[in-house]
Amino acid sequence: MKRLLADIAHARSGDKADRADIGVFAWDDAGYQVLAQALTAQRVAEHFAHLIGSDTSRVRRYALPGLLALKFVVDGALGGGAAHSLRSDNLGKTIAAQLLRMELELPDAEARAALAGAQTALERF
């Protein structure tokens, strides 16, 4: 089943110099298990190839299971950083929204479990 990352997770991001820092958070344990398997550094590098080129070593992933989160550090994604970039605002602040538009191919049962967890969490807001 194809789903957008935004359907099963939420994210925040920021920047330091030419480095983007992205936290992707699952809504529950089932969603985290899906993220841990499907959202690899390689996939994130491919998604941001328009910013970092084909150098997949520019993306590092850190698992934070206690927070149900994955952290990605993307080097060279911000056009040199605020002092060098022609992008006048936001830089890394909006890169999480770009990542949430990634499409994932998930096994049906896992996708349904992650979607159910997201729905339950959002109903509580």
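Scroll up to find the structure.
A quick note: this is a predicted structure, and the numbers were derived from the prediction, not measured.

Conventions we followed
Residues numbered from 1 in each chain as written. Predicted model: local features only at pLDDT ≥ 70, side-chain atom pairs only at ≥ 80, totals over all residues. Heavy atoms only, no water. Helix = DSSP H or I, 4+ residues; strand = E, 2+ residues; numbered from the N terminus. Buried < 20%, exposed > 50% of the residue type's maximum accessible area, 1.4 Å probe, protein only. Contact = heavy atoms within 4.5 Å. Areas by Shrake-Rupley, 256 points an atom, 1.4 Å probe, with all protein chains shown as cover. Pairing = 2+ DSSP bridges. Core = buried A, V, L, I, M, F, W, Y, C linked by side-chain atoms within 4.5 Å. Axes fitted to C-alpha atoms, helices over the stretch in contact; angles between N-to-C directions. Arc of directions from axis to C-beta. Polar contact = N/O pair within 3.5 Å; in protein donor to acceptor, adjacent residues only side chain to side chain.

Some remarks on the overall build of the protein
Helix and strand counts for the protein stand at 6 helices and 6 strands. Mapped from its N terminus to its C terminus, the protein presents α and β elements in the order β-α-β-β-α-α-α-β-β-α-β-α. Counting over 125 residues, the protein shows a buried share of 39%. Considering only residue pairs separated by 6 or more positions, the protein has 68% of its internal contacts joining residues 24 or more positions apart. Of the roughly 6900 Å² of accessible surface on the protein, a fraction of 52% belongs to carbon and sulfur atoms.

Describing the pairing of strand 2 (residues 9-16)
Bridging between strand 2 and strand 3 (residues 19-26) involves 8 bridges; their strand directions are antiparallel. Each residue of the ladder has a partner; that of G14, found in strand 3, is D21. What sits between the antiparallel neighbours strand 2 and strand 3 is a turn of 2 residues, in which A17 has the positive phi angle 55°.

Describing the nonpolar core
Counting 33 residues, the largest nonpolar core has L5, I22, V24, L35 and L39 as the members making the most contacts within it. Each residue touching I22, except ones within four places of it in the same chain, is listed here: R12, S13, F48, L70, K71, F72, V74, I95, A96 and L99.

Quick notes on unusual backbone geometry
Of note, the phi angle at L68 is positive, near 55°, even though the residue is not glycine. Tracing the backbone shows L68 in the loop between strand 4 (59-64) and strand 5 (69-75).

Comments concerning the sheet that holds strand 2
One open sheet holds the 4 strands; their spatial order is 2-3-5-4, and the pairing between them is antiparallel. Each edge of the open sheet is held by one strand with a lone partner, namely strand 2 and strand 4. Taken over all neighbouring pairs, the strand axes of this sheet differ in orientation by 15° on average, direction set aside. Pairing geometry for strand 3 and strand 5, over 7 bridges, is antiparallel. Bridging from a neighbouring strand, R19 pairs with D75 of strand 5. Those strands touched by helix 2 (residues 29-38) are strand 2, strand 3, strand 4 and strand 5, and its axis lies near 140° from that of strand 3.

Thoughts on the side chain of Q98
Here Q98 shows up in helix 5 (residues 95-100). Classification of Q98 by relative accessible area gives buried; the value is 18%. Sequence-distant contacts of Q98, that is, excluding residues within four places in its chain, are made with H47, F48, H50 and L51.

Remarks on the environment of R101
Within the element layout of this structure, R101 appears in the loop between helix 5 and strand 6 (103-105). Of the residues examined, R101 reaches a relative accessible area of 55% and is grouped as exposed. Sequence-distant contacts of R101, that is, excluding residues within four places in its chain, are made with L4 and H47.

Some points on helix 2
Turning to helix 2, its buried residues number three or more, namely G31, Y32, V34, L35 and A38. The buried residues of helix 2 occupy an angular sector of 160° when projected down its axis, which confines them to one face. Facing away from the buried side of helix 2 by over 90 degrees, the exposed positions are D29 and Q37. N-capping of helix 2 is provided by D28, with a side-chain oxygen placed 3.3 Å from the backbone N of A30.

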